[in-house]
Amino acid sequence: MTTPLDRSTAWAYEQGQPGPFSYQRDHHPAAAAAEEALGALDGGSAVLFGSGMAAVTGVVLTLLQPGDTVALASGAYYGTGKTFAALVRWGLRTVEFDQTAPPPDDVQLVWIEAPSNPMLTMPDFGAAVAHPAPVVCDSTVGTPLYVRPLAHGCDIALHSATKYLGGHDDLLLGAAICRDPGVAERIHATRRQLGLTAAPDPAWLLLRSLETIELRVRRQTETAHALADRLAAHPAVSIVRYPGFGGLLSFDVADLDAAMRVETSTRLIANRTSLGSTRTSMESRRRWEGERCPPGLLRLSVGLEDVEQLWADLELALDPA
Ligand SMILES: *Cc1c(COP(=O)(O)O)cnc(C)c1O
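Residues numbered from 1 in each chain as written. Predicted model: local features only at pLDDT ≥ 70, side-chain atom pairs only at ≥ 80, totals over all residues. Heavy atoms only, no water.

**Focus on the side chain of serine 160**
Inspection of the secondary structure puts serine 160 in strand β6 (residues 156-160). Every residue in contact with serine 160, bar those within four places of it in the chain, is listed here: Gly52, Thr140, Leu173 and Gly174. (Helix = DSSP H or I, 4+ residues; strand = E, 2+ residues; numbered from the N terminus. Contact = heavy atoms within 4.5 Å.)

Written out as structure tokens, the structure reads:
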């Protein structure tokens, strides 16, 4: 039995009073069910958003005021830094810091990523949570199977549910899972007011996806392990970044030309962006991130295909002779 999908935008009052659902921008049954499931996975109170970036925006606008500064882990998802830059006009300041060391003083929010995308560094959780400011940890790449930010003492775990939680390249969603239910309520109010709400259909698809999250991510991890080892031993590869868990890794070939040759030479592995899908994909990140990304860096998101077939595809692309 699957949860019925209710696409209503408004529900009848009960004896003249709004029930748990009255208008879809505020809340709807599929989002409530998804929040229940996400809250259980990360051990907190979940707020679902229409995208990962909507979750980032909703959290920042709830927790900070004009003039406040956020300490952002350098090498974190480039879209997060771009969103913070877009909020400069509204009074937000950003300083970058090395997340393997303590965050700077005099900031009102600490933003870490576990592991970072695509540099795959892990934060020093102890140093981050020792800071007096609230700590948000984007654990999109780690997934709740391997990284539980709230258990490390962080205040909010944040996900682009478009990636591993959704896992099938067919939904765009985000989530903030809060340790304090009162903070979740405040973030929910921001979501409703700014219209950052998720639609019912993707929320329903997320519920489908969560049934297999553990199987998918465990298998992706197993395959990624094997590929990381083989890539590290390949003469055309200079560096492999893999934290030892999860399905995402990045590796460097000689330069941008070589990276573009490799990404366009695979047959099974799709040359496209995004990550966390059942299907393996790879891309040079330089095209999006510019100077901050090594020119020869390829980001590989490992899917559910056979490991030998994936390796054969990579080997051929690395060794076109
Ligand atoms: C993709 C991604 C985001 C943004 O999520 P969207 O669903 O694309 O809006 C945020 N953080 C990380 C680590 C991501 O990989």
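What follows picks up the thread again.
**So, the packing of helix α2 (residues 52-63) against helix α6 (residues 181-194)**
Contact geometry of α2 with α6 gives a least axis separation of 9 Å together with a crossing angle of 115 degrees. Classified by the interaxial angle, the pair formed by α2 and α6 is roughly perpendicular. Where α2 crosses over α6, the two elements pack in a sense that is right-handed. Side by side, α2 and α6 meet where Gly58, Val59, Leu61, Thr62 and Leu63 of the first sit next to Val183, Arg186, Ile187, Thr190 and Leu194 of the second. Taken together, the residues of the contact of α2 with α6 sort by class into six nonpolar, three polar and one charged. (Axes fitted to C-alpha atoms, helices over the stretch in contact; angles between N-to-C directions. Parallel < 35°, antiparallel > 145°, perpendicular 65-115°, else oblique. Left-handed = near helix turned anticlockwise from the far one by under 90°. Nonpolar A, V, L, I, M, F, W, Y, C, P; charged D, E, K, R; others polar.)

**Some remarks on the site of the ligand**
As a structural note, the neighbourhood of the ligand is formed by 13 residues, with Met53, Asp138, Ser160, Thr162 and Lys163 the closest of them. Contacts to the ligand include methionine 53, whose backbone N or O atom sits 2.9 Å from an oxygen atom. Its free accessible area being 380 Å², the ligand has 93% of it covered by the protein chains. Most atoms of the ligand, that is more than half of them, are within 2 Å of grid points of the largest pocket. Taken together, the residues of the shell around the ligand sort by class into four nonpolar, six polar and three charged. (Near = heavy atom within 4 Å. Polar contact = N/O pair within 3.5 Å; in protein donor to acceptor, adjacent residues only side chain to side chain. Areas by Shrake-Rupley, 256 points an atom, 1.4 Å probe, with all protein chains shown as cover. 1 Å grid on protein atoms, 1.4 Å probe; cavity = no way out; pocket = protein on both sides within 12 Å on 5 of 7 lines; lining within 4 Å. Sits in = over half its atoms within 2 Å of the grid points.)

**With respect to the domain arrangement of the chain**
Assigned domains within the chain: domain 1 (29-210) and domain 2 (213-318). Computed over C-alpha atoms, the centres of domain 1 and domain 2 are 25 Å apart. On the side of domain 2, 29 residues touch domain 1, which itself brings 26 residues to the contact. Roughly 2400 Å² is buried in total at the junction of domain 1 and domain 2, and carbon and sulfur atoms are behind 62% of that figure. Interface area lost by domain 1 to domain 2 is led by Tyr78, Tyr146 and Tyr164, which between them contribute 30%. Where domain 1 touches domain 2, the interface holds one salt bridge. Where arginine 272 meets aspartate 169, a salt bridge forms, and the shortest distance between an N and an O atom there is 2.8 Å. Linking domain 1 with domain 2 are 13 residue pairs in polar contact (both at pLDDT 80 or more). Listed by contribution, the elements that provide at least two residues to the side of domain 1 that touches domain 2 are α5 (143-146) and α7 (200-210). When residues of the side of domain 1 that touches domain 2 are assigned to their parent elements, the largest contribution, three residues, is made by α5. (Domains from an automatic or database assignment. Buried area = accessible area lost by both parts, 1.4 Å probe. Salt bridge = Lys/Arg side-chain N within 4 Å of Asp/Glu carboxyl O.)

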